[in-house]
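One-letter residues, chain by chain:
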Amino acid sequence: MAQPSSAGELDAVRLETELLEQWKSENAFVSSIQNRKDGAPFIFLEGPPTANGKPGIHHVVARTYKDLVCRWKTMEGFRVERKGGWDTHGLPVEIEVQKRLDLMSNESIEQFGMDAFNQACRESVWTYEASWREMTERMAYWVDLDNPYVTLDNNYVESCWWALKQMFDKGYLYRGHKVLPYCPQTGTSYSSHEVALGYKEVEEPSVYVKFKLTDEDASILAWTTTPWTLPGNVGLAVGPEVTYVRCRVKEAAGESWAGAGGADVGEELILAKDLMKEVLRHHVEVIEEFPGSSLVGRSYEPLFPDAVPRMGSTTAWTVLEADWVTTTDGTGVVHTAVMYGEDDYNLGMEAGLPAHHTVGMDGSFLEGTHPELDGTYVKDCDATIIALLSASGGSNGKGPQSGLLYREKEYAHDYPHCWRTDHPLLYYAMDSWFVRMTAVKERLLEFNDEVEWAPDWVGEGRFGEWLRNVKDWAISRERYWGTPLPVWRTEDGQMKCIGSISELQEEVANAVAAGFENPECPDDVDLHRPIVDGFTLLSDDGQPMHREPFVMDCWFDSGCASFAQWHHPFDGGEQFDASFPVDYICEGVDQTRGWFYTLLAVSTTVFDSKAYKRCLSLGLILDAEGKKMSKSRGNIVDPWDHFNREGADATRWYMVTAGAPWNPLKFDSNGVRETYAKMFLTLWNVYKFHADYAALDGFDPESSSSEPDQRPELDRWILSRLNTVATGYHESFVNWQFHKACRDLEDFVVNDLSNWYVRRSRRRLWDEAESGDKLACQHTLHEVLTTLCRLIAPVSPFMVDTIHRNLTGLAVHQSDWPLGIPGTIEGATADEWDEVAAKATATLPPHDPALEASMDLVRELAEAGRRVRIDNNRRQRLPCSKGFIVAGPDLSAFHDLLAEELNVEIIQVENDLDRFQRIELAPNFRALAPKARANVNDVANAIKSTEDPVGLLAQIDAGTATIMDILIERSDIEVKRVEREGFAAQTVEVTHGDTTSHVSLVLDMNDTPELLSKGMARDITRRVQARRKTLDLALEATIELEVWMENAPSMMAADEEWVATETRTSACIFHQEGAAPPAGAEHFEVDGTLVYFTVV
RNA sequence: GCGCGGGUGGCUUAGUCGGUUAGAGCACCCGGCUGAUAACCGGGAGGUCGCAGGUUCAAGUCCUGCCUCGCGCACCA
């Protein structure tokens, strides 16, 4: 049944695309889960991507890490359901549509019709869905895209509403103001991400303004870069610890005064002491110094008396203290306009300043601010404001003769601009809804502590830092396309939060009964705007309630994914209970403040629980130059470039081995190429070697057997290596060190398996007769390859499936993890690796560390042999009569192998170490340093450079060795044995546990006629073989060979015979020395011998 | 500005508790080996381990400051 067929040449792309078809027809993904239907659940939650952009290689990276963990856990016996998801709301979608329909302001959207606009958004979301699906399938990310959760679905929205109502009922939801960057042209406020897109350096007038104290003839100086906020001024902030001075102007300013403003001689000004030089342009005398705290409470004249009503505030137009005030720029006094700065707003709320707008949503001054300003766009008012302040007496008529402006100064700084219209943004206090995250801060921190973060510093550091500074979450957006905020409100502020469709229907019915007209509210009412805006509800005291006209931050949507994907609590109770909190999530580190946070924020406020147990936070993907990949930079790598060239296996393997998952990955296309050539081509060729012979011989692993402990050392060695590598691989997986796991495994495939085991085993399979040795090799290859396939499968799922199927008849993705399947054990949980259960089900071959160590040494000696030959100018094919192994462990089991590798007639063990070796002494600094202290270097040099190491060692052993009055003991030194000069030898160091020994290899360089003949035979053979290859002859084809030689050693008959058989000749003639070769004969020269030959 | 993570030959990177010759891969050069694959083996060239101080007998590794890149936060009068 499981008899392998031979493997063809590798065409990775074809292999993968054919396999995709097969998976599809077999429904392989679904059956891989059904296969584990009785397994313990391992819950993965997909972070929903937005499908309104084309997927790039960076998405492939994230999906690889998601996929590999899910596949790995499935193989371990867990049931790993993977529901796909789509994030479909939010500003990015709206902007995309606005661009397409050329609707660049809210006004134009409303003219166009919110209904139609939202419909366009709804459709736009799926623009690239097909691309995503194709990418996802091609890269073999197994996720259920046929039943995904979609944030715009009514069910999903209803769950979000329910969640919000939980918060509302717990008192976490409130209505307030937030100062946001706002574009009056588009009527839109922006998230910080969008603001970051639009920073531009601009030069603007900044002004130093005098605020005249009411109770004395002095003014406090304050600075601002936004003169338009001055009419809104209601306070001045000073640092309580900062030192301020009051100073008097002594003489008029000089000629160099530039711009408006000024001060009268004798006028008194107050500002931070540190900033006098920076700010003042007059000669002044300091009258007094005092801390900021003594200014607090002083009141001053409003600059624009009518602009802001007092509204009962006792603190308006007084000096306030704020610890964030610094003296790095300005005057050390911060002008505070409550509605137009975040600090200002917070301070204003704290101190009870009037919260009153002087600027409308259209960006122009409101009526009543000042006759010369009213109705004008604020950014056009700089000159007017400066002129008003500069007038004698100033804008309020209560200032000094010189006016209220002290100075103006051009100021260059970065300022946010609307990235769509290029207009400067205004920081503007807007009505907004908040979730009181500050109330649950301690819980957030506790839950975060329970999460296993990879890497841990993201949890403790970046995310922990964020949580420690948590602010209330502004969840409302004045937008159209999103989950509507389900809060209805009366004009006098009574509120209702609706948590379900049925509740909405009930409330609508009540309202209708009370006589308020309402549209129909069927079971499948669309929960989007503008439908929901149409409902008028009834307050408890009979007033009409209208919906707060906001949609929610789309991050709120995705933050609800853990339960909204099941339509909890309306449906899917079981699924939810069984899958919350989830076991594993994985996204880019840029989600720290995004999804990682909102998931936790929602679960904490709604369920008082964490949302996920493990979180893998991935590093950013950079291009080959180290620049972040982004659409705007145009440096996005198209994954298909690689899918269509090296294939998804190589692409995925490359991404995992290129670095730790959390490190930034510089995506290098050459790296994918290299991975393909090294890892996958090598693996394929090993497989091909096995499969071709297995097919030829009709090898069937089930109908023959070969006891592992009966197999040759080489087999037992590779099996033991496999055990070691697999164990380490698994260990690294558990520790999230996927890169390390895969690098080590790759090294195993290339070095141990291909370059040693297969190379050393080739001849074993040439045997045409059925031999125990051949069977041993075939069983070994079978075991190694199938185990490798299962280890590699989670990372690169294609080629290994093909191999595994051909060797075993079974799909690799239905098979078990070689280290055990604890997930299938009753009572298992996904929370930790069950050692006992794993051990009971593991299928690894026996581990033999001693054998591995011996083989290591053998390989080192083989390499040493090649080095010896190069140093001594002896070609590799010319045999040596003897090779001596000096010291070291018993390697007699490998002597034959070594003799072949070293091309020597016989290996001998030399017991007289001193015949080929001498000793060297080296200091052991760790032991020596505490004794010798500052003299350690001198002592060390004395030990190193001793003329007579043997004598010194004898003294040390006798306890009589002192250097610089320090008794040198055996533990203070290391004894190294190295080869003696004058021998063709190399010494290698062997570490066995914590002891090191030195083994030398010595080659006998003397020639004999037999050796020369043998060597020549090998050179001829090799040339003829190369010729056969260039002639593209079949392996079993025979040739007729003729050879002519000049200045050759005399050839032994046995060697001529050997050449004849090795090169598969039907006729072979060695001509006498002196016979002339034909003109076209191929020829080569080796060690002074000229050889000609013809192949027919 | 604050926080986190980096900076090691041309490129990508490893480097444990501080231990005296900083290790690999790619690319390059020379040589070898090969019915062994786009492979392999040996050798070579290429490194002020970001800079400057400090601790130490000894620093890529620990400390301080600075430069620089990335990310995040705060963006401020």
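Residues numbered from 1 in each chain as written. Chains lettered and ligands numbered in written order. Predicted model: local features only at pLDDT ≥ 70, side-chain atom pairs only at ≥ 80, totals over all residues. Heavy atoms only, no water.

(A) Region of the structure containing the overall build of chain A. Summing up its helical and strand segments, chain A has 35 helices and 38 strands in all. Taking 2.2 N^0.38 as the reference for a compact globule, 1096 residues should give roughly 31 Å; the C-alpha atoms of chain A span a radius of gyration of 41 Å, well beyond that estimate. Over its C-alpha atoms, taken along the principal directions, chain A stretches across nearly 125 × 80 × 65 Å. Within chain A, the fraction of its 1096 residues that count as buried is 56%. The contacts in chain A between residues at least 6 apart in sequence include a share of 77% that link residues at least 24 apart. Summing over all exposed atoms, chain A offers an accessible surface of approximately 46,900 Å²; the carbon and sulfur share of this is 47%. Placing the 103 positive and 175 negative side-chain charges of chain A at their respective mean positions leaves the two points 3 Å apart. (Helix = DSSP H or I, 4+ residues; strand = E, 2+ residues; numbered from the N terminus. Rg over C-alpha atoms; globule rule 2.2 N^0.38 Å. Buried < 20%, exposed > 50% of the residue type's maximum accessible area, 1.4 Å probe, protein only. Contact = heavy atoms within 4.5 Å. Areas by Shrake-Rupley, 256 points an atom, 1.4 Å probe, with all protein chains shown as cover. Lys, Arg positive; Asp, Glu negative; His and termini not counted. Charge placed at Lys NZ, Arg CZ, Asp CG, Glu CD.)

(B) Molecular detail of the sheet that holds strand S15 (residues 452-454). What the three strands build is an open sheet, ordered S15-S24-S23; its pairing is parallel. Two strands close off the open sheet at either side, each with one partner strand: S15 and strand S23 (582-588). Neighbour to neighbour, the strand axes of the sheet diverge by 15° on average, direction disregarded. With three bridges connecting them, S15 and strand S24 (residues 612-618) associate as parallel partners. The residue bridging Ala454 from the neighbouring strand is Leu616, located in S24. Sitting on the sheet, helix H3 (residues 57-75) is in contact with S23 and S24, with an inclination near 160° to S23. (Pairing = 2+ DSSP bridges. Axes fitted to C-alpha atoms, helices over the stretch in contact; angles between N-to-C directions.)

(C) Quick look at the protein's contact with RNA strand B. Near RNA strand B lie 53 residues; those nearest to it are Val334, Arg593, Arg759, Phe925 and Lys1029. Among atoms of RNA strand B positioned within 4 Å of the protein, sugar and phosphate together represent 52%. Contacts to RNA strand B include Asn685, whose side-chain N or O atom sits 2.8 Å from a base oxygen. The side chain of Ser754 places a nitrogen or oxygen atom 2.4 Å from a base oxygen of RNA strand B. Top contributing element to the surface near RNA strand B by residue count: helix H22 (residues 669-697), with eight residues. When grouped by side-chain class, the residues that make up the surface near RNA strand B number 18 nonpolar, 13 polar and 22 charged. (Near = heavy atom within 4 Å. Polar contact = N/O pair within 3.5 Å; in protein donor to acceptor, adjacent residues only side chain to side chain. Nonpolar A, V, L, I, M, F, W, Y, C, P; charged D, E, K, R; others polar.)

(D) Layout of helix H29 (residues 895-902). Most of H29 is tucked away, with six of its eight residues classed as buried. Buried residues of H29: His895, Leu897, Leu898, Ala899, Glu901 and Leu902, and no others. Count one or two residues on from H29 and you reach Asn903, which has phi positive near 55°.

(E) Representation of the packing of helix H21 (residues 647-657) against helix H24 (residues 738-766). Here H21 crosses H24 at 115°, and the two axes come no closer than 7 Å. Touching Trp653, Val656 and Thr657 of H21 are Phe738, His739, Cys742, Arg743, Leu745 and Glu746, all from H24. Counted by class, the contact of H21 with H24 contains five nonpolar, two polar and two charged residues.

(F) Inspection of the sheet that holds strand S16 (residues 473-474) at higher detail. Judged by pairing direction, the sheet is antiparallel, and its four strands sit side by side in the order S4-S3-S14-S16 without closing on themselves. Edge positions in the open sheet fall to strand S4 (188-189) and S16, since each of these has one partner strand only. As paired elements, strand S3 (residues 173-183) and strand S14 (residues 426-435) share ten bridges and run antiparallel to each other. Paired with Arg175 across the bridge in S14 is Trp433.

(G) Representation of the pattern of salt bridges. Tallied over the full model, the rule gives 72 salt bridges. Put simply, Asp533 and Arg529 hold a salt bridge, and the shortest N to O gap is 2.8 Å. Here Asp715 and Arg764 are joined by a salt bridge, their closest N and O atoms 2.6 Å apart. A residue pair is termed long-range when its members are at least 10 positions apart, and Asp715 in helix H23 (residues 713-734) and Arg764 in helix H24 qualify at 49 residues. By relative accessible area, Asp715 is classed as buried at 0%. When salt bridges with common partners are traced through the structure, they connect Asp215, Glu216, Arg246, Arg248, Glu268, Glu285, Glu288 and Arg298 into a single cluster. (Salt bridge = Lys/Arg side-chain N within 4 Å of Asp/Glu carboxyl O.)

(H) Quick peek at empty space enclosed by the protein. In total, this model carries four cavities of 30 Å³ or more according to the counting rule given. One number sums up the size of the largest cavity: a volume of about 80 Å³. Around the largest cavity, the lining residues are Val61, Tyr65, Gly619, Ile621, Met655, Ala658, Gly659, Ala660, Pro661, Asn663, Pro664 and Leu665. Of the residues belonging to the lining of the largest cavity, the class tally is nine nonpolar, three polar and no charged. (1 Å grid on protein atoms, 1.4 Å probe; cavity = no way out; pocket = protein on both sides within 12 Å on 5 of 7 lines; lining within 4 Å. Points joined across faces, edges and corners; volume = space filled by probe spheres on them.)

(I) Highlighting the packing of helix H34 (residues 1009-1030) against helix H35 (residues 1053-1062). Relative orientation of the contacting elements H34 and H35 amounts to 20°, with a least axis distance of 9 Å. The pairing of H34 with H35 is recorded here as roughly parallel in orientation. Between H34 and H35 the crossing geometry is right-handed. Facing H34, whose interface residues are Glu1010, Ser1013, Lys1014, Ala1017, Arg1018, Ile1020, Thr1021 and Gln1025, H35 presents Asp1055, Trp1058, Val1059 and Glu1062. Here the residues of the contact of H34 with H35 are counted per class, giving four nonpolar, three polar and five charged. (Parallel < 35°, antiparallel > 145°, perpendicular 65-115°, else oblique. Left-handed = near helix turned anticlockwise from the far one by under 90°.)

(J) Broad picture of helix H11 (residues 342-351). Within the sequence span of H11, burial applies to Asp344, Tyr345, Leu347 and Gly348. On its buried face, H11 is in contact with S3, strand S7 (233-238), strand S11 (318-321), strand S12 (333-337) and S14. Among the residues trailing H11, Gly352 stands out with phi positive, at a value near 80°.

(K) Just unusual backbone geometry, in detail. Look at the link from Ala454 to Pro455: it is a cis peptide, with omega at 0°. Residue Phe580 is joined to Pro581 through a cis peptide bond whose omega torsion reads -10°. Relative to the helices and strands, Pro581 is located in the loop between helix H18 (573-578) and S23. Of note in this structure, Asp102 is not a glycine but carries a positive phi near 55°. Of note, Asp102 is situated in the loop between helix H4 (91-101) and helix H5 (106-112). Positive phi values are uncommon outside glycine, yet Trp736 reaches one of about 70°. The topology assignment puts Trp736 in the loop between H23 and H24.

(L) Layout of a negative patch on the surface. A contiguous patch of negative charge on the surface is contributed by Glu241, Glu321, Asp323 and Glu350. Mapped onto the secondary structure, Glu241 falls in the loop between S7 and strand S8 (243-249). Look at Glu241 and you get exposed, because its relative accessible area is 73%. (Patch = residues over 30% accessible without salt bridge, like charges linked within 9 Å, V, L, I, M, F, W, Y side chains within 5 Å.)

(M) Summary view of the state of the cysteines. For the structure shown, the criterion picks out zero disulfides. The thiol of Cys121 is not disulfide-bonded; the next cysteine sulfur, from Cys554, is found 12 Å away. Classification of Cys121 by relative accessible area gives buried; the value is 0%. (Disulfide = S-S within 2.5 Å.)

(N) The nonpolar core, seen in detail. By size, the foremost hydrophobic cluster in this structure holds 143 residues, and its most contacted members are Tyr65, Leu616, Phe667, Tyr729 and Leu788. In this structure, Tyr729 is in contact with Trp653, Ala741, Cys742, Leu745, Leu791, Ile792, Val795 and Trp817, ignoring residues within four places of it in sequence. Formed by 71 residues, the second largest nonpolar core is a distinct cluster that contains Ala218, Ile270, Leu320 and Val378. (Core = buried A, V, L, I, M, F, W, Y, C linked by side-chain atoms within 4.5 Å.)

(O) Representation of the side chain of Asn396 within the structure. Relative to the assigned elements, Asn396 resides in the loop between helix H12 (382-390) and strand S13 (405-416). Of the polar contacts made by the side chain of Asn396, one reaches the backbone oxygen of Pro302; its length is 2.7 Å. Here Lys398 takes part through its backbone nitrogen, which lies 2.9 Å from a polar atom of the side chain of Asn396. With residues up to four places along the chain from it excluded, the contact list for Asn396 reads Glu301, Pro302, Leu303, Pro305 and Leu404.

(P) Focus on the environment of Pro400. Considering the arrangement of structural elements, one finds Pro400 in the loop between H12 and S13. If we skip the residues at most four places from it in the chain, Pro400 touches Lys210, Lys212, Asp264, Glu267, Ser392 and Gly393.

(Q) View of the side chain of Thr88. Structurally, Thr88 is set in the loop between strand S1 (83-86) and H4. On the basis of relative accessibility, which here comes to 0%, the residue Thr88 falls in the buried class. At 3.0 Å, the side chain of Thr88 and the backbone nitrogen of Leu152 are in polar contact. The contacts of Thr88, once residues within four sequence positions are left out, are Val93, Val125, Trp126, Val150, Thr151, Leu152 and Trp481.

(R) Region of interest: the environment of Thr841. Following the sequence through the fold, Thr841 ends up in helix H27 (residues 835-841). Measuring from C-alpha to C-alpha, the distance between Thr841 and Pro818 comes to 8.2 Å, with 23 residues separating the pair along the chain. Residues within four places of Thr841 in sequence aside, it is in contact with Gly820, Ile821 and Pro822. Of note is the side chain of Thr841, whose polar atom sits 2.8 Å from the backbone nitrogen of Ile821.

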